[in-house]
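# A look at the structure
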Amino acid sequence: MRILVVEDDPIIASRIAATLESEGYTTQIAYNGEEAKAFAGQASFGLVVLDVMMPKMNGLEFCQYLRSKRDRTPVLMLTARDTIDERVQGLDAGADDYLVKPFDVRELTARVRALVRRDWVQRTGILRVADLELDTQAHVAKRAGQELKLTKKEYVLLEILAKNEGRIVTRALLMDALWQDEDRNENTINFHIASLRKKVDAGEQARLIHTMHGLGYSLRSTGDAG
């Protein structure tokens, strides 16, 4: 995937590009909004990492330009100003996510992965975590190409966990999403998680569903939680 990095500071731009390339992406650097417009007109990109404060055309203006062209390429906006007004302006301009400088490169790559995954799901309806694949339109789940025989509630539970890959989903959130006004208790969620884990992880070397004791559950391809 090609990512357009729009950042007027050459050092920061090169570091972002190097980080993304180490993750397997191809990058193109633009040092202001006008350069970014030229690149966007010449090639397609899977994602734009966009600084707000730049000469000639700032990040807000460039993002507005993209959206005016009905270009829905995901945009991760970078800013040194951690204020509500700044974030609201960026989101109103069409940005999909916001990252405040200085940032940890691990958070940068995590947000990039999340945006790429979200865009892929929106375009195809397919959600993937390791060798687990969910068709969010047909409500079908497969692991290593084999369809999983899930109940309706098990599928909804798995989709919630997959959409929050790597994050902890609390028990309360899961119960609210699946049972709402129905009678529910601790044993209800325990039963459904246990049943889902048997169907998703049974016989597999890599476990995907992890219990975060006292917190909730997490779906991820690695980890040593139980």
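Parameters and conventions
- Residues numbered from 1 in each chain as written.
- Predicted model: local features only at pLDDT ≥ 70, side-chain atom pairs only at ≥ 80, totals over all residues.
- Heavy atoms only, no water.
- Helix = DSSP H or I, 4+ residues; strand = E, 2+ residues; numbered from the N terminus.
- Buried < 20%, exposed > 50% of the residue type's maximum accessible area, 1.4 Å probe, protein only.
- Contact = heavy atoms within 4.5 Å.
- Areas by Shrake-Rupley, 256 points an atom, 1.4 Å probe, with all protein chains shown as cover.
- Lys, Arg positive; Asp, Glu negative; His and termini not counted.
- Charge placed at Lys NZ, Arg CZ, Asp CG, Glu CD.
- Pairing = 2+ DSSP bridges.
- Axes fitted to C-alpha atoms, helices over the stretch in contact; angles between N-to-C directions.
- Salt bridge = Lys/Arg side-chain N within 4 Å of Asp/Glu carboxyl O.
- Parallel < 35°, antiparallel > 145°, perpendicular 65-115°, else oblique.
- Nonpolar A, V, L, I, M, F, W, Y, C, P; charged D, E, K, R; others polar.
- Core = buried A, V, L, I, M, F, W, Y, C linked by side-chain atoms within 4.5 Å.
- Expected span 1.5 Å × (residues − 1).
- Arc of directions from axis to C-beta.

## A word on the overall build of the protein chain
Secondary structure assignment for the protein chain yields eight helices and 12 strands. For the protein chain, the C-alpha atoms occupy an extent of roughly 60 × 35 × 35 Å along the three principal directions. Here the protein chain holds 226 residues, and 45% of them are scored as buried. Here the contacts in the protein chain between residues at least 6 apart in sequence split such that 50% fall between residues at least 24 apart. Summed over its atoms, the accessible surface of the protein chain is roughly 12,200 Å², and 49% of this surface lies on carbon and sulfur atoms. Mean positive and mean negative side-chain charge positions of the protein chain (32 and 34 charges, respectively) differ by 4 Å.

## Concerning unusual backbone geometry
A cis amide bond links K101 to the next residue, P102, at an omega of -10 degrees. Considering the arrangement of structural elements, one finds P102 in the loop between β5 (97-100) and α5 (105-124). For A144, which is not glycine, the phi dihedral falls at a positive 55 degrees. Note on placement: A144 falls in the loop between β8 (140-143) and β9 (146-147).

## Some words on the sheet that holds strand β12 (residues 216-219)
Within the open sheet, the three strands sit side by side as β10-β12-β11. Their pairing is antiparallel. With one partner strand each, in any of the chains shown, β10 (169-170) and β11 (209-212) form the two edges of the open sheet. Pairing of β11 with β12 involves four bridges; the strand directions are antiparallel. For M212, the partnering residue across the bridge sits in β12 and is G216. Relative to the sheet, helix α8 (residues 186-201) contacts β11 and β12, its axis offset from that of β11 by approximately 145 degrees.

## What about the pattern of salt bridges?
Applying the stated criterion to the full structure yields 13 salt bridges. Its salt-bridge partner being R113, residue E23 comes within 3.5 Å of it at the nearest N-O pair. Of this pair, E23 sits in the loop between α1 (10-22) and β2 (26-30) while R113 sits in helix α5, placing them 90 residues apart in sequence. Relative accessible area serves as the criterion here: at 41%, E23 is assigned to the partly exposed category. In this structure, the salt-bridge partner of E154 is K199, at a minimum N-O distance of 2.7 Å. With E154 in helix α6 (residues 152-163) and K199 in helix α8, this pair connects stretches of sequence that are 45 residues apart.

## Details of the packing of α6 against α8
Interhelical geometry of α6 versus α8 gives an angle of 80 degrees and a closest axis separation of 10 Å. The angle between the axes of α6 and α8 places the two elements in the roughly perpendicular class. From α6, K153, E154, L157, L158 and L161 reach across to α8, where they touch H192, I193, S195, L196, K199 and V200. Across the contact of α6 with α8, the residue classes tally to six nonpolar, two polar and three charged.

## Re the nonpolar core
Among the nonpolar cores identified, the biggest contains 26 residues, and L134, L158 and L219 are the most heavily contacted of them. Of all the secondary-structure elements, those providing two or more residues to this core are β6 (126-129), β7 (132-135), α6, α7 (171-179), α8 and β12. A total of six residues in this core trace back to one element, the largest contributor, which is α6. If you look at the next biggest cluster of nonpolar residues, it comprises 19 residues, including A30, V52, M54 and F62.

## Some remarks on the environment of T79
The topology assignment puts T79 in strand β4 (residues 75-79). Here T79 falls in the buried class, since its relative accessible area comes to 2%. Residues T79 and A144 lie 65 residues apart in sequence; the distance between their C-alpha atoms is 40 Å. Setting aside its immediate chain neighbours within four residues, T79 contacts V52, E86, Y98, L99, V100 and K101.

## Details of α1
For α1, spanning 13 residues, the distance from its first C-alpha to its last is 18 Å, which sits close to the expected 18 Å at 1.5 Å a residue. Within the sequence span of α1, burial applies to A13, I16, A17, T19 and L20. Projection of α1 onto a plane perpendicular to its axis shows the buried side chains occupying an angular sector of 160 degrees, all on one side. Turned more than 90 degrees from where α1 packs its buried face, R15 and S22 sit exposed. Its buried side turned inward, α1 meets β1 (2-6), β2, β3 (47-51), β4 and α5. Just downstream of α1, G24 is the residue with a positive phi angle, here 100 degrees.

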